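These are the residues of each chain, in order.
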Amino acid sequence: MKHDEVIVRAIAQATSNGEPNKGIGAVGATNRMAKNYWDRKLGMKEVCILLNITVSALKVGIATGTLPDGRPCPKVVAVTGSRAIFFDGIEVKAAMYGMRVEDLIEDMKLDGLL
């Protein structure tokens, strides 16, 4: 899959909730205000390391919604003008454990982490 096709799909995901795509300024502000690591917006390379997959596998996941190993792909939250792709930290953590985001948030609340 070509990088341009992945960018188009990533932008579509980032704008799917009805809000316009957020640029790098919004990502930087979010990361500065984050209370913990999982409140941040994470870049592609960081997500690949956390999920133990290659960048190509993550790009396939963006396009299909599922990572090659069957886990759900975290949703894209921002694509910058320089075509950098960012993901929500909670979504990445849920994908790491193969959980739904709602279940992970509930578990984190029970553990007093949220």
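Predicted model, so just to flag it, every value in this text is computed and none were measured. (Residues numbered from 1 in each chain as written. Predicted model: local features only at pLDDT ≥ 70, side-chain atom pairs only at ≥ 80, totals over all residues. Heavy atoms only, no water.)

Take the sheet that holds strand S3 (residues 85-88) next. The antiparallel open sheet is built from three strands, whose spatial order is S1-S3-S2. The sheet is open, and its two borders are formed by strand S1 (41-43) and strand S2 (76-79), each paired with just one other strand. Geometrically, the sheet is characterised by an average inter-axis angle of 35° between neighbouring strands, direction not taken into account. Here three bridges tie S2 to S3, and the two strands are oriented antiparallel to one another. Pairing of Ala-78 across the sheet is with Phe-86, part of S3. The strands touched by helix H3 (residues 44-51) within the sheet are S1 and S3, with S1 carrying the most contacts at an inclination of about 90°. (Pairing = 2+ DSSP bridges. Helix = DSSP H or I, 4+ residues; strand = E, 2+ residues; numbered from the N terminus. Axes fitted to C-alpha atoms, helices over the stretch in contact; angles between N-to-C directions. Contact = heavy atoms within 4.5 Å.)

Our focus in this paragraph is the packing of H3 against helix H4 (residues 55-64). Running from N to C, H3 and H4 point in directions that differ by 100°, and their axes come no closer than 9 Å. When the axis of H3 is compared with that of H4, the two are roughly perpendicular. On H4, the residues touching Met-44, Val-47 and Cys-48 of H3 are Val-55, Leu-58 and Lys-59. Partitioning the contact of H3 with H4 into residue classes produces five nonpolar, no polar and one charged. (Parallel < 35°, antiparallel > 145°, perpendicular 65-115°, else oblique. Nonpolar A, V, L, I, M, F, W, Y, C, P; charged D, E, K, R; others polar.)

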